[in-house]
Amino acid sequence: MPVHGTPVDSQPSATPDAVPSRSGLAALPSVDRLLALPQSAALIELHGRTRVVTHLRRSVEARRAALNEALQAGRELGVSDDGAFVATAAAAIEREDQPRLRAVYNLTGTVLHTNLGRALLPDAAVASVIAALGAPTNLEFDLSSGGRGDRDDLIDGILTELTGAEAATVVNNNAAAVLLSLSALAYRREVVVSRGELVEIGGAFRIPDIMARAGARLREVGTTNRTHPTDYTDAIGERTALLMKVHCSNYAISGFTRAVEVQELVPLARQHGVPVAVDLGSGTLVDMSRYGLPHETTVAETVAAGADLVTFSGDKLLGGPQAGLIVGRRDLIRKIKKHPLKRALRVGKLTLAALEPVLKLYRSPELLPQRLTTLRLLSRAPAEIHAQAERLAGPVAAALHALLPGEALTVAPMPCHSQIGSGALPVDRLPSYALCVTPASGKRRARALQAVERLLRGLPRPVIGRIANDALWLDLRCLESEHETAFVAQLQATTQSESRR
Ligand SMILES: *Cc1c(COP(=O)(O)O)cnc(C)c1O
């Protein structure tokens, strides 16, 4: 990246009796004088006078502060030329204009990385969002009657078609879906949950806390490792609103275990006239095993097993935008939609614009691995990723050597394991390949590793890898071949601009 000039310190003054700091202060230009420079005119054209004045003033003030500080410390700073103040202002404006939310390369090996925004939207959804951004839409307008519509009407048809449920609604995320469902169906009543399913997701979503916020009373049953059907039935009483099952998204309980499956729970619940709610978390709409991935219970299977209500995320395995989907019995969905929190947690038009085309992709399951980005990444063949690693190792090594000439790094294709992420199938690993960047062994290894990690993270499109076993691992699963050229070009461009400095 070009480095704009900062007011440059001239060499310590040659004349012994000069007092450069004082002369520097006296020579500080007025903002008006700077505004008259041709470089300022160009900046004003681009950013407007107000903003340019603000930044010119700041650059003069910063210089004044530096001069004063130097003066107090008995150091000497020279006079800087007017152009340098404008260059400082221009650089500050450029920095300010850098978007805070930026595209990065996710080479962490976690496909659905919550910190990196989870699912990438497929092309059809991107196009739909762009179309909805700048035009009025029929978000809540019934085009057939000309009357007022309900935004859920845009997606409840396809959701019930894909899940077999009677009705559906959508809110901002799955945490909201759970909060809303509990508030609407279990306020001041009891919800029976197994002790083995009191999950915490990413620190902020914890079943006991959500339950309390929803005004529902948690009735824990069973033990951490074993819960039996009678544990649920013994807990059912006057105050029971729901039996609830929660997907163990980010952990697995193994060994001497017993859990009550939905199929088993439903007949018991029916006998007592209590509905069963299932928080599936990731909630997939197709059997992933047909794409060579581990099986995950689908929403349709859960509905078919008799669950009265199912909640799941839009941006985990489903591969869509952040959203919380609720499907289930018509009377329960009606209650949920009438609850005041529904209005507070509703989705915007961009979410719906993205969600509809993603759901529609599921009508052609055999085409999903090409069209649904998340599934395309998850189902990439290790051999293909290996070939890519072989292809990239040379150019990436050359670029890194040029960027960090002192570090003696090696870059080698290495087998590794990706994970699905976002609490989907937490114990399953997908064989993949990485570029493994290893510094020469020795005392400075950790420092070298940090240097290369920081360098990649500081690129215009930051490259995010993973440090493990004294190496930086760049898992290539999420670098699709169409992005490969740009990925290498960025490293090479950085090398050239560094060498020009
Ligand atoms: C991920 C998850 C949630 C929260 O979903 P968000 O869409 O992230 O709000 C809730 N419950 C379970 C079981 C989950 O896995």
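On a predicted model such as this, the values are computed, not experimentally measured, just so you know. (Residues numbered from 1 in each chain as written. Predicted model: local features only at pLDDT ≥ 70, side-chain atom pairs only at ≥ 80, totals over all residues. Heavy atoms only, no water.)

Contacts to the ligand come from 13 residues, most closely from A175, S249, D279, S313 and K316. In this structure, an oxygen atom belonging to the ligand sits 2.4 Å away from a side-chain N or O atom of S249. Note that an oxygen atom of the ligand is positioned 2.8 Å from one of the side-chain N or O atoms of K316. Those elements that place two or more of their residues in the shell around the ligand are α8 (174–186) and β8 (276–281). Residue composition of the shell around the ligand, by class: 4 nonpolar, 6 polar and 3 charged. (Near = heavy atom within 4 Å. Polar contact = N/O pair within 3.5 Å; in protein donor to acceptor, adjacent residues only side chain to side chain. Helix = DSSP H or I, 4+ residues; strand = E, 2+ residues; numbered from the N terminus. Nonpolar A, V, L, I, M, F, W, Y, C, P; charged D, E, K, R; others polar.)

What follows concerns helix α11 (residues 262–272). Of all the residues in α11, the buried ones are V262, L265, V266, L268 and A269. Looking at the buried positions of α11, the neighbouring elements they touch are α10 (229–235), β7 (240–246), β8 and α12 (299–304). Phi for G273, located one or two positions after α11, is positive at around 65°. (Buried < 20%, exposed > 50% of the residue type's maximum accessible area, 1.4 Å probe, protein only. Contact = heavy atoms within 4.5 Å.)

A few words now on a nonpolar patch on the surface. Together, V126, I130, L133 and L350 line one region of the surface with nonpolar side chains, adding up to about 340 Å² of accessible area. Looking at the nonpolar patch element by element, the count peaks at 3 residues for helix α6 (residues 123–133). Along the chain, I130 turns up in helix α6. For I130, a relative accessible area of 53% corresponds to the exposed category. (Patch = residues over 30% accessible without salt bridge, like charges linked within 9 Å, V, L, I, M, F, W, Y side chains within 5 Å. Areas by Shrake-Rupley, 256 points an atom, 1.4 Å probe, with all protein chains shown as cover. Salt bridge = Lys/Arg side-chain N within 4 Å of Asp/Glu carboxyl O.)

Let us now look at the UniProt feature "modified residue: N6-(pyridoxal phosphate)lysine" (unreviewed entry) in the chain. Residues annotated by UniProt as "modified residue: N6-(pyridoxal phosphate)lysine" (unreviewed entry) correspond here to K316. One can find K316 in the loop between β9 (309–313) and β10 (324–328). The residues touching K316, leaving out its near neighbours within four places in the chain, are L112, R118, A119, G281, S282, T374 and S422. (UniProt positions renumbered as here; feature names shortened; annotations may be inferred.)

Along its sequence, the chain is organised into domain 1 (21–97), domain 2 (105–112 + 378–499) and domain 3 (121–364). Taking only C-alpha atoms, the centre of domain 1 and the centre of domain 2 are 40 Å apart. (Domains from an automatic or database assignment.)

For the pair α6 and helix α15 (residues 349–361), interaxial distance at closest approach is 8 Å and the crossing angle is 150°. Taken together, the axes of α6 and α15 lie roughly antiparallel to each other. For the pair α6 and α15, the crossing hand works out as right-handed. Seen from α6, the contacting residues are A124, A125, S128, V129, A132 and L133; seen from α15, they are K349, L350, A353, A354, P357 and V358. (Axes fitted to C-alpha atoms, helices over the stretch in contact; angles between N-to-C directions. Parallel < 35°, antiparallel > 145°, perpendicular 65-115°, else oblique. Left-handed = near helix turned anticlockwise from the far one by under 90°.)

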